[in-house]
Amino acid sequence: MITLKDFKKLEIRIGKILSAQKVEGADKLLKLEVDIGKKKRQLVAGIAQYYEPEELIHKEIPILVNLEPRKIRGIESQGMLLAVVEEEMPILLHPDKEVSPGSLIS
């Protein structure tokens with residue numbers, strides 16, 4: 001269990017995917033450029049087996065933006081997308097209405 005104070009440390013915002021491409025030499029990874037309002041972030045996500053890059057463009061997804069950056073295959077990932085995993089397949093989450101990139105999830 002965590003406290004509400006712990007949960008409030010997480011900064012989760014809606015990001016709009018601007019571009020997506022497969023990471024060279026990696027079957028499972030996509031590099032995403034995501035608009036989170038006043039900034040753009042680069043993410044590396046292990047969803048390439050389930051989503052084609054072109055189908056992700058303009059999708060709105062929740063992003064954990066205050067996660068420490070990490071290099072994956074030499075590419076800096078500046079956050080983490082949030083998804084449901086069902087039967088070992090990630091399913092992206094989306095707002096049910098269009099919202100502004102960078103909208104804070106609370």
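Residues numbered from 1 in each chain as written. Predicted model: local features only at pLDDT ≥ 70, side-chain atom pairs only at ≥ 80, totals over all residues. Heavy atoms only, no water.

**Things to note about the pairing of strand 4 (residues 60–64)**
Just so we agree on the cut-off: Between buried and exposed lies partly exposed: a residue is buried under 20% and exposed over 50% of the maximum accessible area for its type, with that area taken using a 1.4 Å probe on protein chains only. Only DSSP runs of H or I reaching four residues or more are called helices, and only runs of E reaching two or more are called strands; each is numbered from the N terminus. A pair of strands is labelled paired if DSSP reports no fewer than 2 bridges between them.
For strand 4, a buried count of five out of five residues is recorded, marking the element as mostly surrounded by other parts of the structure. Both faces of strand 4 are covered, namely the face carrying E60, P62 and L64 and the face carrying I61 and I63. Note: strand 1 (residues 12–22) against strand 4, five bridges, orientation antiparallel. Note on strand 4: the bridge partner recorded for K16 is E60. Taken together, the two bridges between strand 4 and strand 7 (residues 80–81) define a ladder with antiparallel strand orientation. For I63, the partnering residue across the bridge sits in strand 7 and is L81.

**Here we look at the nonpolar core**
Heads up, the condition is: Here the nonpolar core consists of buried residues drawn from Ala, Val, Leu, Ile, Met, Phe, Trp, Tyr and Cys, with membership extended through side-chain atoms lying within 4.5 Å. Should any heavy atoms of two residues lie within 4.5 Å, those residues are counted as being in contact.
L32, V34, I47, L56, I63 and L81 are the most contacted members of the largest nonpolar core, which has 17 residues in total. Setting aside anything within four residues of it in sequence, one finds L81 in contact with L32, L43, A45, I47, I61, P62, I63 and L92. V23, A26, V44 and I75 belong to the second-largest nonpolar core, a separate cluster that totals five residues.

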